[in-house]
Amino acid sequence: MAAASSPDTAPAAPVAKRDRTHYLYIAVIIAVALGIAVGLAAPDFAVELKPIGTGFVALIKMMISPIIFCTIVLGIGSVRKAAKVGAVGGIALVYFLAMSLVALAIGLVVGNILEPGTGLAVTDAIKDAGHAQVDAEAKDTTEFLLGIIPTTIVSAFTSESVLQTLLVALLAGFALQAMGNAGEPILRGVQHIQRLVFRILAMVMWAAPIGAFGAIAAVTGSAGLDALKSLAVLMLGFYVTCFLFVFIVLGALLRIVAGLNILTFFKYLGREFLLILSTSSSESALPRLIAKMEHLGVSKPVVGITVPTGYSFNLDGTMIYMTMASLFIADAMGTPMSIGEQIPLLLFLLVASKGAAGVTGAGLATLAGGLQSHKPALVDGIGLIVGIDRFMSEARALTNFAGNAVATVLIGTWTKEIDRGRVDQVLAGEIPFDEKTLLDDHDAEPVEVPEQGGEKELAKA
């Protein structure tokens, strides 16, 4: 019996699965290197590869709405106290606003010290390129808020608005919560759908090397070395600022509040960072972030509310980008702004940015729309950063993702909705993440969630 049970308790299959996904992400790194090489060697051909990267990101985005819906419905529907969900949302929004202001302040300080735009010339071609960006669809605050309401419940899943899906999922979750035991069969059905969706996502991830190759090749081929050399100060300054924000500000918060080392935490999310780096889109890692935060030990309601909301309201990298880009453009135009002019503009951009998604190019479009509304004279200079915007979007996306990952742990700690024992085990590698299903086996019973509030099902007593 002992001999028979030993192979059963230590099967080789899980090791093989981990090895296969390990090779997948090695292939992504190789694909990124090849993409850069092709972009530099054959720029015209490389630009034609852009649809490959765009297609892969579209495949990932296709999975976002159903994953968010299932996660939130299962999380809220399993909690018996609606006030707990409201507390999570309130704390999250206050934290997001505070961190946005911190990111703006850091960008303001660094931008005023570097003054990277001084001495650049703005030609007519650059002015035309800047005005072309304003044509991108930009929404004011009222339109943004009304846009959260979908035309129909079903249309929330077909639109590209994460917040529309979030709203419908919240309503469905609270409705199931009010139904009590009668809602349990629906919860079980939603969980089966969740497992199906995550399995499809795991299959889609095998296309990551091809998508990474096309995306990086197109970026490198379209920008080239000339744009990088002429605007190196702004680019490097932006990257350094994002680095300092993540490892000093977020790192200190994570250590003080949750007692975690940010390097250990980011090692756990290493594959997600690589995915973002290769696609320039933080949304490409949103579904995996949800799965990994739940696996880490943060409760479903906290993950389901914090992560999707953070992707619209907690854009730390975008805040830093808008600050430094605004100061850069003002200096390049020969009209540097005083502190009294900078602060109102940046507060305006703080509001305007809440409609920006985590997709490539949204930051530039929002900046253009914000400047057009608040300080039209600066729109002429936006063309200066068009060439390197894709390279800056890498840092934007990575910083946004890091901010939302840290926020999930912090809010879980503040609301006591995190299993610290499990967190330590997961980060130590004792409980590996299942790359095949992206879900844990213990999720098979969605209506029994003692770690999310301590209530027991009376029907099972």
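Remember, it's a predicted structure, so these values are computed and weren't measured experimentally.

Novice: Sorry, what's going on with the overall build of the protein chain here?
Specialist: A tally of regular secondary structure across the protein chain gives 21 helices and 0 strands. Out of the 461 residues belonging to the protein chain, those deemed buried represent 53%. The long-range fraction of contacts in the protein chain, counting pairs at least 24 apart against all pairs at least 6 apart in sequence, stands at 85%. Within the structure as shown, the protein chain displays about 19,400 Å² of accessible surface, and the carbon and sulfur contribution to it stands at 67%.

Novice: How do you make sense of the side chain of serine 65 when you look at a structure like this?
Specialist: The residue serine 65 is located in helix H4 (residues 50-77) in this model. Judged by relative accessible area, which is 9%, serine 65 ranks as buried. In this view, serine 65 contacts Ala156, Phe157, Ser159 and Thr165; residues no more than four positions away in its chain are not counted.

Novice: In this structure, what is going on with helix H15 (residues 300-313)? I would like to understand it.
Specialist: For an α-helix, the turn length of 3.6 residues means that residues three or four places apart are oriented alike. Counted at 1.5 Å a residue, the expected span for H15 with its 14 residues is 20 Å, and the 19 Å between its end C-alpha atoms agrees. For H15, a buried count of 14 out of 14 residues is recorded, marking the element as mostly surrounded by other parts of the structure.

Novice: I tried to follow helix H11 (residues 232-258) on my own but got confused; where do I start?
Specialist: Taking 1.5 Å as the rise per residue, H11 with 27 residues should run 39 Å; its terminal C-alpha atoms sit 37 Å apart, in good agreement. A maximum bend of about 30 degrees is found in H11 at glycine 251. Taken as a whole, H11 has its buried residues at Leu234, Met235, Gly237, Phe238, Thr241, Cys242, Phe245, Val246, Leu250, Gly251, Leu254 and Ala258. Residue glycine 259 follows H11 closely and has a positive phi angle near 70 degrees.

Novice: Where do I start with unusual backbone geometry in this structure?
Specialist: In most cases, non-glycine residues show a negative phi, while peptide bonds are predominantly trans. Positioned with a positive phi, lysine 416 is a non-glycine residue whose angle comes to about 55 degrees. Among the secondary structure elements, lysine 416 is positioned in the loop between helix H20 (389-414) and helix H21 (420-427). Judged by relative accessible area, lysine 416 falls into the exposed class, the value being 69%.

Novice: Mind showing me how you'd approach the packing of aromatic side chains here?
Specialist: To describe a pair of aromatic rings, one takes the distance between the centres and the angle between the planes. Within this structure, the stated rule accounts for 10 aromatic pairs. Relative to phenylalanine 157, the ring of phenylalanine 69 has its centre 5.1 Å away and its plane inclined at 75 degrees; by these criteria the two rings are edge-to-face. Taken together, the residues span a long stretch of sequence, with phenylalanine 69 in helix H4 and phenylalanine 157 in the loop between helix H7 (141-146) and helix H8 (162-179) at a distance of 88 residues. Classification of phenylalanine 69 by relative accessible area gives buried; the value is 18%. The partly exposed category is assigned to phenylalanine 157, whose relative accessible area is 32%. Taking 5.1 Å as the distance between ring centres and 85 degrees as the angle between the ring planes, the aromatic pair formed by phenylalanine 273 and phenylalanine 401 counts as edge-to-face. Taken together, the positions of phenylalanine 273 in helix H13 (residues 270-279) and phenylalanine 401 in helix H20 put the pair 128 residues apart, joining distant regions of the chain. Here phenylalanine 273 and phenylalanine 401 have matching classes, each one buried. One aromatic cluster is present, built from ring pairs that chain together Phe243, Phe247, Phe265, Phe266, Phe273 and Phe401. If you follow lysine 292 out to its NZ or CZ, it ends over the ring of phenylalanine 433, 5.3 Å from the centre.

Novice: What am I meant to see in the pattern of salt bridges here?
Specialist: Throughout the structure, instances matching the rule amount to 4 salt bridges. Here lysine 300 and glutamate 294 are joined by a salt bridge, their closest N and O atoms 3.0 Å apart. Glutamate 294 shares its class with lysine 300; the two are buried. In this structure, the salt-bridge partner of arginine 420 is aspartate 424, at a minimum N-O distance of 2.9 Å. Placement of the pair is arginine 420 and aspartate 424 together in helix H21, with a separation of 4 residues, close to one helical turn. Residues joined by salt bridges that share partners form a network here, namely Glu272, Arg288 and Lys292.

Novice: Explanation requested: the packing of H4 against H8 in the structure shown.
Specialist: When two helices pack together, their arrangement is given by the angle between the helix axes and the distance between those axes. Closest axis-to-axis distance for the H4/H8 pair is 8 Å, and the angle between their directions is 30 degrees. Put simply, H4 runs roughly parallel to H8. Viewed along their axes, H4 and H8 form a crossing whose handedness is right-handed. Contacts from Ile64, Ser65, Ile68, Phe69, Ile72, Val73, Ile76 and Gly77 in H4 reach Val162, Thr165, Leu166, Val168, Ala169, Leu170, Ala172, Gly173, Phe174, Leu176 and Gln177 in H8.

Novice: I'm lost on the packing of H4 against helix H14 (residues 286-296) in this one. Help?
Specialist: With their axes 8 Å apart at the nearest point, H4 and H14 run at an angle of 35 degrees to one another. On H14, the residues that touch Ile60, Ile64, Ile67, Ile68 and Thr71 of H4 are Leu286, Pro287, Ile290 and Glu294. Here the residues of the contact of H4 with H14 are counted per class, giving 7 nonpolar, 1 polar and 1 charged.

Novice: What is the right way to read the environment of histidine 295 from this model?
Specialist: Examined against the element boundaries, histidine 295 turns out to sit in helix H14. In this structure, the C-alpha to C-alpha distance between histidine 295 and isoleucine 431, residues 136 residues apart in sequence, is 8.8 Å.

Novice: Got a minute to help me understand a nonpolar patch on the surface in this structure?
Specialist: A cluster of nonpolar side chains, namely Val240, Phe243, Leu244, Phe247, Ile248 and Leu263, defines an oily patch on the protein surface of about 560 Å² accessible area. At 5 residues, H11 tops the list of elements feeding residues into the nonpolar patch. For isoleucine 248, the location among the structural elements is in helix H11.

Novice: What is the right way to read the confidence of the model for the protein chain from this model?
Specialist: Across the protein chain, the average pLDDT comes to 76, with 76% of residues at 70 or higher. The weakest mean pLDDT in the protein chain belongs to helix H1 (residues 2-9) at 44; the strongest belongs to helix H12 (residues 262-268) at 93. Of the regions scoring below 50 in pLDDT, residues 123-127 engages in 6 contacts with residues more than four places distant in sequence or in other chains.

How each quantity is defined
Residues numbered from 1 in each chain as written. Predicted model: local features only at pLDDT ≥ 70, side-chain atom pairs only at ≥ 80, totals over all residues. Heavy atoms only, no water. Helix = DSSP H or I, 4+ residues; strand = E, 2+ residues; numbered from the N terminus. Buried < 20%, exposed > 50% of the residue type's maximum accessible area, 1.4 Å probe, protein only. Contact = heavy atoms within 4.5 Å. Areas by Shrake-Rupley, 256 points an atom, 1.4 Å probe, with all protein chains shown as cover. Expected span 1.5 Å × (residues − 1). Bend = angle between axes of the 7 residues up to and from the residue. Phe/Tyr/Trp six-rings, centres within 6.5 Å; stacked < 30°, edge-to-face > 60°. Lys NZ or Arg CZ within 6 Å of the ring centre and 35° of its normal. Salt bridge = Lys/Arg side-chain N within 4 Å of Asp/Glu carboxyl O. Axes fitted to C-alpha atoms, helices over the stretch in contact; angles between N-to-C directions. Parallel < 35°, antiparallel > 145°, perpendicular 65-115°, else oblique. Left-handed = near helix turned anticlockwise from the far one by under 90°. Nonpolar A, V, L, I, M, F, W, Y, C, P; charged D, E, K, R; others polar. Patch = residues over 30% accessible without salt bridge, like charges linked within 9 Å, V, L, I, M, F, W, Y side chains within 5 Å. pLDDT = per-residue confidence, 0-100.

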